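# Structure assessment
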Amino acid sequence: MQSHFSAIVIDDGPGPDRAALKQLDNSELPRANVTVRVSHSTLNYKDALAITGRAPIARSFPMVPGIDLVGVVEESESPMYKPGDAVLLNGWGVGERHWGGLAQRARVDADWLVPLPTTFSPREAMAIGTAGYTAMLCVIALERHGVTPEAGEIVVTGAAGGVGSFAVAILARLGYKVVGVTGRLDEAQYITGLGASLVLDRAEFAAPGRPLQKERWAGAVDVVGSHTLANICAATKYRGVVTACGLAGGMDLPASVAPFILRGVTLVGIDSVMCPREERIAAWKRLSTDLDLSKLPQIAEEIGLSEVIATAAKLLDGKVRGRVIVDVNS
């Protein structure tokens, strides 16, 4: 095993130099029981916030960002894995409290890892990543609460982003009628290409609205929060289900109890970070059957580790469509 590896490293402090591509030694890796030779990671919204410093995502410094990784086990002190096993990781605080995947090597707890499904190549697994896995958790929650394709339209906010793109693609493949919402109407063709029947302007949802609106949605996948989530809830049908998994528009929820006590609407929180291992494995198993892999080239683009810092700012500025795969060895 080589003693040095490349990584994106964030140091505490403001300014453009807080993140840099550096060479690290294996002795600097954090303590944990499995060492993984990383092949691919991703650049997610949360990673971009950490790298640019626009939000206090990193809890300690120096920090290697990257909430996803896929690779091969090099060393293991756990009976769960042996050298040579292909594994992936989503969440569990890596890139926030523990060094993450935007590096050629990672040392993590065995409990955080899941076996890489044989259905996916490492690159495909990272094209899906936390975004696709979170979208699948949302779909499973809708199903668990009884929302069927016959129930009516499912609205997906942030439909040109990572989670939204996968939610549209999965729901459409399962036979749901999907309406995508985006602030980038120039991406409407992309969203309909994933399976949406209609694309709406985010501006229709972003302002304060009436606490109870005309019933339209049988279900929803929301990545935005704030007024958008409040308006989605207000227009959800009797006994409809809204899944909430993001805060791109804000952490607040300026809503009323009206949709919940007058229409029996269910608001389901989706946490992908600390989700139990069994549910992770189930979600990845569903992705292997319910996601059309031919859609991945439309959803994901690939960059090298040296391009991550510049791309992070573009992602936060809304200039990146879908997913960003990072080949950490490129």
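The preceding data block contains the structure.
Residues numbered from 1 in each chain as written. Predicted model: local features only at pLDDT ≥ 70, side-chain atom pairs only at ≥ 80, totals over all residues. Heavy atoms only, no water.

All right, on to the overall build of the protein then. Secondary structure summary: the protein contains ten helices and 15 strands in total. Principal-axis analysis of the C-alpha atoms gives the protein an extent of 60 × 40 × 35 Å. Residues classed as buried in the protein amount to 56% of the 330 residues present. Considering only residue pairs separated by 6 or more positions, the protein has 71% of its internal contacts joining residues 24 or more positions apart. Summing over all exposed atoms, the protein offers an accessible surface of approximately 13700 Å²; the carbon and sulfur share of this is 52%. Both charge centroids of the protein, one from 32 positive and one from 35 negative side chains, sit 5 Å from each other. (Helix = DSSP H or I, 4+ residues; strand = E, 2+ residues; numbered from the N terminus. Buried < 20%, exposed > 50% of the residue type's maximum accessible area, 1.4 Å probe, protein only. Contact = heavy atoms within 4.5 Å. Areas by Shrake-Rupley, 256 points an atom, 1.4 Å probe, with all protein chains shown as cover. Lys, Arg positive; Asp, Glu negative; His and termini not counted. Charge placed at Lys NZ, Arg CZ, Asp CG, Glu CD.)

Per the stated rule, a full pass over the model turns up two aromatic pairs. On the numbers, 5.8 Å between centres and 70° between planes, the contact of Phe120 with Trp284 is edge-to-face. Remark: Trp284 occurs in helix α8 (residues 277-290) and Phe120 occurs in the loop between β7 (113-115) and α2 (122-144); sequence separation between them is 164 residues. Accessibility assignment for this pair places Phe120 and Trp284 in one class, buried. Aromatic side chains Phe205 and Trp217 sit 6.5 Å apart centroid to centroid with 35° between the ring planes, which places their arrangement in the tilted category. One end of the pair, Phe205, is in helix α5 (residues 203-206); the other, Trp217, is in strand β11 (residues 217-222), with twelve residues separating them in the sequence. With relative accessibility at 2%, the residue Trp217 sits in the buried group. (Phe/Tyr/Trp six-rings, centres within 6.5 Å; stacked < 30°, edge-to-face > 60°.)

Moving on to the nonpolar core. Core analysis: the largest hydrophobic core is formed by 54 residues, its most contacted members being Ile128, Phe166, Ile170, Leu171, Leu287 and Leu291. For this core, the secondary structure elements donating two or more residues are α2, β8 (154-156), α3 (162-173), α4 (188-194), β11, α8 and α9 (296-299). By residue number, the principal contributor to this core is α2, which donates 14 residues. The contact partners of Leu171, leaving out residues within four places of it in the chain, are Val139, Leu142, Ile154, Val156, Tyr176, Val178 and Val221. (Core = buried A, V, L, I, M, F, W, Y, C linked by side-chain atoms within 4.5 Å.)

This paragraph deals with a nonpolar patch on the surface. Where nonpolar side chains cluster on the molecular surface, the patch consists of Tyr45, Leu247 and Met251 and spans about 350 Å² of accessible area. Along the chain, the position of Tyr45 falls in helix α1 (residues 45-52). (Patch = residues over 30% accessible without salt bridge, like charges linked within 9 Å, V, L, I, M, F, W, Y side chains within 5 Å. Salt bridge = Lys/Arg side-chain N within 4 Å of Asp/Glu carboxyl O.)

Further remarks concern helix α10 (residues 308-316). Side chains three or four residues apart in an α-helix point the same way, a direct result of the helix having 3.6 residues per turn. Among all positions of α10, only Val308, Thr311, Ala312, Leu315 and Leu316 are buried. Looking straight down α10, one finds that the buried residues subtend no more than 135° of arc, so they occupy a single side. Check the buried side of α10 and you find it contacts β1 (4-10), α1, β14 (300-304) and β15 (323-327). Taken from the residues just after α10, Gly318 is the one with a positive phi, measuring 75°. (Arc of directions from axis to C-beta.)

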